[in-house]
Structure formats: C-alpha cells, structure tokens
Protein chains: 2
Amino acid sequence: MTTEALYTDTALRAWKLVITQLDQMFSSMNDEELRREVAPGRNRVFYLMGHLTAVHDRLLPMLSLGERLHPELDDDFLTNADRVTADRVAPEAVRLAWSEVNARLTAAMAALPPEEWLKKHGAVSDEDFAKDPLRNRLAVLQTRTTHAGFHAGQIRLAVTKG
Amino acid sequence: MTTEALYTDTALRAWKLVITQLDQMFSSMNDEELRREVAPGRNRVFYLMGHLTAVHDRLLPMLSLGERLHPELDDDFLTNADRVTADRVAPEAVRLAWSEVNARLTAAMAALPPEEWLKKHGAVSDEDFAKDPLRNRLAVLQTRTTHAGFHAGQIRLAVTKG
C-alpha cells in the first residue's frame with residue numbers, strides 16, 4: 001500500500017464504520033419501528049433513512065462516480081421536511097435504495113486512486129478551488145461521514161434500549 | 001502545502017467543523033437548558049458535554065500530544081452513565097474544561113506533521129499495528145470526529161427549535 005493510500009483508506013474505513021452502524025440499526029427495526037420519532041415532534045427514523053439515502057445518492061455525481069440511482073427520493077426526503085408530504089415511498093423501497101446506494105457508492109470510492117481524492121468536487125468552482133484546495137473530494141467524504149454520524153446518534157435514540 | 005498535508009488538513013478541517021458546531025450549541029444554552037435530556041429518559045446535554053470533554057482529553061496521551069488536562073471528569077462522564085452519581089462538577093467547570101481541552105488538542109493536532117498521523121496510536125500494540133497499518137492516529141481523529149457528530153446530532157434535539 002502506498003503512503004497516499006493509507007490516508008484515503010483510513011478515511012474510507014471511518015465511512016464504512018458509520019454505514020455499518022446505520023445498517024445494523026435499520027435492520028434491527030421493523031417497518032412499524034421505523035415510524036418512530038427520534039424525539040417527540042422530531043424526524044421519524046423512516047425520514048432519516050430516506051434523507052441519508054438521498055444525500056449519499058447525490059455523492060455519486062458530486063464525486064464524479066456515476067449517475068444518481070434514486071433522484072425520486074429528493075422530494076420526500078431532502079427538499080421537504082418530514083411529514084410535509086404523505087409517505088409516497090414504501091419502507092421496503094427505501095430500505096432497498098439505502099442498501100443499493102451505499103453499496104454502489106462505497107465500491108466506487110474504494111476504487112478511486114488516492115490522488116483523485118484531492119481533486120475538486122462537483123459543487124465547487126475552479127476559481128474557489130484554486131483559493132482553497134481543501135474543498136476537495138476527500139472533504140466531501142469526511143463531512144458526509146460526520147453527517148451520517150450526526151443522524152446515527154439521533155436514530156440510536158429510537159432503537160429499543162437493550 | 002505538501003500533498004500529504006492536504007490529506008491531513010482535510011481531516012482536521014472536518015474535526016474543527018464539528019467542534020465549532022458543538023461550541024455553538026453549548027454557547028446557545030444556559031445552565032438550566034444544559035440539564036435537558038436529548039430525548040425522554042436519555043442523556044442530559046450536560047452529561048454529553050462532560051463525556052465529549054473526557055473522550056477528547058484522553059486523545060492527548062493517545063496521540064502522544066501531551067498529558068491529560070482533566071482526568072477528574074472520567075468518573076462522572078465516562079465510567080458511569082448519566083445520573084448514576086450526583087452532579088459533582090459544576091456546569092461552568094465543564095464548559096471551561098470543554099473549551100480548554102479542545103483548544104489544546106486542536107492546536108497540537110494542527111502542529112503534527114502529516115507523516116506522524118500514519119504512526120500507531122497509543123491504544124494499539126506494535127504487533128497489531130504491523131498487521132493493520134490503518135490503526136493509526138489519523139483513524140483515531142476520524143472516528144472521534146464521527147463520535148462527536150453522533151452526540152452533536154443528539155444534542156441538536158435539545159436545542160430550542162428556531
């Protein structure tokens with residue numbers, strides 16, 4: 001393994017850890033439990049599962065890793081807050097999309113050579129990237145890892161205490 | 001900036017982002033609000049503030065960045081769950097410790113040369129590190145960033161809705 005790969009593989013391992021943690025929580029809950037709010041009046045686990053799926057799906061084009069798989073989730077889980085629209089996507093479909101998006105994304109990220117991680121991501125202009133080279137793809141991976149951890153902490157509150 | 005520094009500075013920026021987010025939430029709450037539970041029957045914000053301070057304080061020796069500043073927090077905020085012991089540390093003291101520990105830690109991490117981040121951390125043996133070079137200091141930074149995000153997501157639930 002090259003030295004550069006050590007940096008990016010370490011970041012990728014942190015990503016995989018939080019995805020595995022979320023996988024385990026979603027698998028432990030049936031569809032009824034997915035409807036629980038993480039705290040009174042706050043988002044349902046179901047919404048957060050769709051939200052994380054949509055955010056991760058958008059990483060595919062943002063990191064130049066391919067086309068989105070599930071743009072149809074944006075309306076219910078990204079543009080609108082929870083319960084603004086009726087539930088139009090079944091829990092089973094969201095579960096499948098969650099697994100499909102993360103499998104595709106994680107495999108594509110694992111195949112990305114280290115130096116590619118330092119290139120600019122799709123949401124920054126050439127001009128802004130020239131001023132701030134830390135607005136790279138690796139930064140996107142890291143902030144999305146924290147974002148996934150942020151919601152994992154909330155979802156944890158809705159998992160039945162052991 | 002060297003290429004190697006781009007990898008580690010990107011990781012450090014993700015850490016600083018979550019610390020700033022936590023700073024802002026703690027500052028927005030008075031001592032009474034710190035006593036709120038993040039969800040019914042779950043940890044109080046006060047406990048999570050002490051918990052994150054203790055976990056971050058332990059990173060100083062674990063990353064070979066110096067001695068701990070506040071080992072006295074472990075008993076109330078790490079070894080024991082919330083409300084197992086009476087509150088023995090005042091909110092103001094925990095706020096100060098939180099700021100002090102993160103300022104010291106972040107400054108020391110920012111001064112660490114990139115190649116140092118790939119060395120083994122203090123909680124892994126030479127033998128285990130030889131088998132798995134991803135058990136390095138950078139991995140500790142990344143998992144602690146996710147951990148801080150995990151609790152930030154919970155604390156967010158106790159912040160008054162805007």
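Rules behind the numbers
- Residues numbered from 1 in each chain as written.
- Chains lettered and ligands numbered in written order.
- Predicted model: local features only at pLDDT ≥ 70, side-chain atom pairs only at ≥ 80, totals over all residues.
- Heavy atoms only, no water.
- Helix = DSSP H or I, 4+ residues; strand = E, 2+ residues; numbered from the N terminus.
- Rg over C-alpha atoms; globule rule 2.2 N^0.38 Å.
- Buried < 20%, exposed > 50% of the residue type's maximum accessible area, 1.4 Å probe, protein only.
- Phe/Tyr/Trp six-rings, centres within 6.5 Å; stacked < 30°, edge-to-face > 60°.
- Axes fitted to C-alpha atoms, helices over the stretch in contact; angles between N-to-C directions.
- Parallel < 35°, antiparallel > 145°, perpendicular 65-115°, else oblique.
- Contact = heavy atoms within 4.5 Å.
- Nonpolar A, V, L, I, M, F, W, Y, C, P; charged D, E, K, R; others polar.
- Least-squares fit on C-alpha atoms with pLDDT ≥ 70 in both.
- Salt bridge = Lys/Arg side-chain N within 4 Å of Asp/Glu carboxyl O.
- Buried area = accessible area lost by both parts, 1.4 Å probe.
- Polar contact = N/O pair within 3.5 Å; in protein donor to acceptor, adjacent residues only side chain to side chain.
- Expected span 1.5 Å × (residues − 1).
- pLDDT = per-residue confidence, 0-100.

Q: Help me out: how do you make sense of the overall build of chain A in this one?
A: From N to C terminus, chain A includes seven helices and zero strands. Overall, chain A shows an N-to-C arrangement of helices and strands of α-α-α-α-α-α-α. Against the compact-globule benchmark of 15 Å for 162 residues, chain A has a radius of gyration of 17 Å, which places it among compact chains. By its C-alpha atoms, chain A is 45 × 35 × 25 Å across when sized along the principal axes. Counting across all 162 residues of chain A, residues that qualify as buried make up 54%.

Q: Can you help me understand the packing of aromatic side chains in this one?
A: Here a ring pair, both rings aromatic, is described through the centre-centre distance and the interplanar angle of the planes. Residue and element names in this part refer to chain A. Counted under the stated rule, the structure contains seven aromatic pairs over all chains. Considering the side-chain rings of Phe 26 and Trp 98, the 5.1 Å spacing of their centres and the 85° angle between planes classify their relative orientation as edge-to-face. Within this pair, whereas Phe 26 is found in helix α1 (residues 3-28), its partner Trp 98 is found in helix α5 (residues 91-110), the two being separated by 72 residues in sequence. Here the aromatic cluster, defined as three or more aromatic residues joined through ring pairs, consists of Phe 46, Tyr 47 and Phe 77.

Q: Before we go on, may I ask you to explain the packing of α1 of chain A against helix α1 (residues 3-28) of chain B in this structure?
A: Helices that pack against each other are described as a pair by the angle of their axes relative to one another and the distance between those axes. Contact geometry of α1 of chain A with α1 of chain B gives a least axis separation of 10 Å together with a crossing angle of 10°. Considering the angle they form, α1 of chain A stands roughly parallel to α1 of chain B. Two secondary-structure elements touch here, α1 of chain A through Thr 3, Glu 4, Tyr 7 and Thr 8 of chain A and α1 of chain B through Thr 3, Glu 4, Tyr 7 and Thr 8 of chain B. A class-by-class count of the residues in the contact of α1 of chain A with α1 of chain B yields two nonpolar, four polar and two charged.

Q: What am I meant to see in the side chain of His 56 of chain B here?
A: Inspection of the secondary structure assignment puts His 56 of chain B in helix α3 (residues 45-62). In contact with His 56 of chain B, other than residues within four places in its own chain, are Trp 15, Ile 19, Trp 98, Val 101, Asn 102, Leu 105, Arg 144 and Ala 148 of chain B.

Q: Can you walk me through the relation of the copies chain A and chain B in this structure?
A: These two copies of the chain differ by a rotation about an axis and a displacement along the same axis. The transform that puts chain A on chain B rotates by 180° and translates by 0.0 Å along the axis, for an RMSD of 0.0 Å. Here the symmetry operator amounts to a two-fold rotation axis. Take the interface residues of chain A: 100% of them recur as interface residues in chain B, which is what a same-surface contact looks like.

Q: What exactly am I supposed to notice about the environment of Lys 131 of chain A here?
A: With respect to the element layout, Lys 131 of chain A can be found in helix α6 (residues 126-131). As a C-alpha pair, Lys 131 of chain A and Ala 152 of chain A span 21 residues in sequence and 33 Å in three-dimensional space.

Q: Hey, could you run me through the pattern of salt bridges in this one?
A: Residues and elements named next belong to chain A. One pass over the structure, following the stated rule, counts 32 salt bridges over all chains. Where Glu 33 meets Arg 36, a salt bridge forms, and the shortest distance between an N and an O atom there is 3.5 Å. Taking relative accessible area as the criterion, Arg 36 reaches 31% and is therefore assigned partly exposed. In this structure, Asp 82 engages Arg 44 in a salt bridge whose closest nitrogen and oxygen atoms are separated by 2.7 Å. Placement of Asp 82 in the loop between α4 (74-79) and α5 and of Arg 44 in the loop between α2 (31-34) and α3 (45-62) is noted, with a sequence separation of 38 residues between them. Looking at Arg 44, the relative accessible area reads 9%, which means it is buried. Several salt bridges share partner residues, and in doing so they unite Glu 37, Arg 44, Asp 82, Arg 83 and Asp 87 into one network.

Q: Explain the interface of chain A and chain B to me, please; I cannot follow it from the model alone.
A: Often, the extent of an interface is quoted as the loss of accessible area on bringing the components together. Contact with chain A, which involves 42 residues of that partner, is made by 42 residues of chain B. By the criterion of area lost to chain B, the three top residues of chain A are Tyr 7, Arg 42 and Leu 134 of chain A, representing 22% of everything that side buries. Close ionic contact of Arg 13 of chain B with Asp 132 of chain A constitutes a salt bridge, the shortest N to O distance being 2.9 Å. Here chain A and chain B share 14 residue pairs in polar contact (both at pLDDT 80 or more) between them. Among the elements of the structure, α1 and α7 (137-156) of chain A are those that each provide at least two residues to the side of chain A that touches chain B. Among the elements that line the side of chain A that touches chain B, the one with the most residues is α1 of chain A, at 13 residues. Grouping the amino acids of the side of chain A that touches chain B by side-chain chemistry returns 20 nonpolar, 13 polar and nine charged.

Q: Help me understand helix α5 (residues 91-110) of chain B, please; the structure alone is not making it clear to me.
A: Residues spaced three or four apart along an α-helix face the same direction, because each turn holds 3.6 residues. All names here are of chain B. Taking 1.5 Å as the rise per residue, α5 with 20 residues should run 28 Å; its terminal C-alpha atoms sit 28 Å apart, in good agreement. Among all positions in α5, only Pro 91, Val 94, Arg 95, Ala 97, Trp 98, Val 101, Asn 102, Leu 105, Thr 106, Ala 108 and Met 109 are buried. Considering only its buried residues, α5 is in contact with α1, α2 (31-34), α3, α4 (74-79) and α7 (137-156).

Q: Where do I start with the confidence of the model for chain A in this structure?
A: As a general rule, the predicted coordinates of low-pLDDT regions are not to be interpreted in detail. On average, residues of chain A score 96 in pLDDT, and 99% of them are at 70 or above. Here the complex is predicted with pTM 0.96, and the ipTM for its interfaces comes to 0.96.

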